[in-house]
Every structure is written in structure tokens, then in C-alpha cells.
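Chain residues, written in single-letter form:
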Amino acid sequence: MDPIAALRQSITEFETRLRQVGPDQWDLPTPCVEWNVGELVNHMLLGTRMSVQLLAGASQQEAIAALGEDMIAASQDPFADFEALARQMLAGFAAVDGLEGTVDHPMGQIPRTMFIGFRIMDNGTHAWDLARAIGADETLDADLVQRMWDDIQPMAAGLRELGMFGSGGSGDVGDDAPLQTRFLDLVGRRP
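Residues numbered from 1 in each chain as written. Predicted model: local features only at pLDDT ≥ 70, side-chain atom pairs only at ≥ 80, totals over all residues. Heavy atoms only, no water.

## Brief notes about the pairing of strand E2 (residues 108-111)
Walk down a regular strand and you will see the side chains alternate between the two sheet faces. This is how the line gets drawn: DSSP bridges decide pairing: two strands pair if at least two such bridges lie between them. Only DSSP runs of H or I reaching four residues or more are called helices, and only runs of E reaching two or more are called strands; each is numbered from the N terminus.
Taken together, the 4 bridges between strand E1 (residues 102-105) and E2 define a ladder with antiparallel strand orientation. Within E2, the position partnered with Asp-104 by the bridge is Gln-109. As consecutive antiparallel partners, E1 and E2 are separated by 2 residues.

Here you go:
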């Protein structure tokens, strides 16, 4: 799956679950123990808006300064807001030079080809988190899962030390388990 198709599918996966969030589900816990549903959606709104800004040339400082906002509290319609931002992000990556060069990410200068992988992984993983939290279908697109699995393999050995994926892989999931289960376990989820 090419990166633009994978980004598009990852957006669809997250939007599908976001549409299903009921009015009484915003405070439900998620597999990201530090976030409830509303906080997870806020994280996704902030990350997607940051991506749009970085693709348009924003600096690292500008990106970081905008990350503390509560976009959920300011939103009339979080789904419409995510959809609009996601379309802008997709257009930025799909532009003629959208995958060329670098962005001034909060982690430092990173290639846009790496940055799109971060966005694919964030959308796909948090789509599963949201599905788990609200009791929706947790099955992700198989091609997307393969793409995320392939993208994370170079970092697999050091994920636990990064601290970005909870406690990392449990070591309890065999190579014969479904790929989605192996991927989720590797990124600290326990499906």
C-alpha cells in the first residue's frame, strides 16, 4: 500500500469510529490510559492540525505552541473538524512535492516520508483505541495493518525504551497470531 493510500485508509478508519461516538461516551476510558475518549479525539485533532501546519512550513516552535489547546471544548462538531483537517493534511502530503524534503517536527527535522508514516500509525492505532473504548468494530483494514507493521519494524527492538507506546510488546504474542494482534501488542495494546 503506497503512503498516500495508507494515509487515506487510516483517516477513514479513525473517522468511521469517531462517527460512532455517542453523546454519553466522551468520558469513557481508552487503551491510552492517560486519555478518555474526548482527550484521545482532542489528541487527534491537535496532531492533525499540527500536520497541516508543518506541511505548510510552520516551525517547530509554532507546532509545539499549538499542542496544548483543548480543541474539543472549542468545537461545535469534532467530527467535522477532524474531517476538514484530515482532508487538508491528505492534500498536503498528496501535493506534487508533498513527500519531498523535511518538516520541522517537534522531534526535529524529519523527512516527510517518515512524517507520513507517523500520521498513518497515529490514525490507525487510535482508530483501534477508539473502537475498543466505545465498543465498535475493532478490525482494521488488513493492508493498512501490513503497512503499519512494516513501518514499525525498524524501531521494534527499541519501542519499550522510547516510551511512546506504553510498555511496548508483551512478548506473549506468537508469530502465528493475526498480524493486527501482533501489531497492537508491539505498540503497547493488549487486544
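## Overview of helix H2 (residues 37-55)
Put simply, the rule is: Expected helix span is taken as 1.5 Å per residue step, with the number of steps being one fewer than the number of residues. Accessible area is worked out with a 1.4 Å probe on protein chains only. A residue is then buried under 20% of its type maximum, exposed over 50%, and partly exposed in between. Counted as a polar contact is a pair of N or O atoms within 3.5 Å, where, for protein atoms, one must be capable of donating a hydrogen and the other of accepting one, and residues adjacent in sequence contribute only when both atoms are in side chains.
The terminal C-alpha atoms of H2 lie 27 Å apart, and with 19 residues this matches the ideal 27 Å at 1.5 Å per residue to within 8%. Counting buried residues in H2 gives 16 out of 19 residues, a clear majority hidden from the surface. You can read the cap of H2 off the contacts: a side-chain oxygen lies 3.0 Å from the backbone nitrogen of Gly-38, and it is on Asn-36. Gly-57, located one to two residues past H2, shows a positive phi value of around 105°.

## Description of the nonpolar core
Our working definition: Only buried Ala, Val, Leu, Ile, Met, Phe, Trp, Tyr and Cys residues count toward a nonpolar core, and they belong to the same one when joined by side-chain atoms within 4.5 Å. Two residues qualify as a contact provided that any one of their heavy atoms is within 4.5 Å of a heavy atom in the partner residue.
Residues Phe-14, Leu-130 and Phe-183 are the most contacted members of the largest nonpolar core, which totals 52 residues. Of all the elements in the fold, those that place two or more residues in this core are helix H1 (3-19), H2, helix H4 (78-94), helix H5 (112-134), helix H6 (142-152) and helix H8 (179-186). If we skip the residues at most four places from it in the chain, Phe-183 touches Met-121, Thr-125, Val-145, Met-148, Trp-149 and Ile-152.

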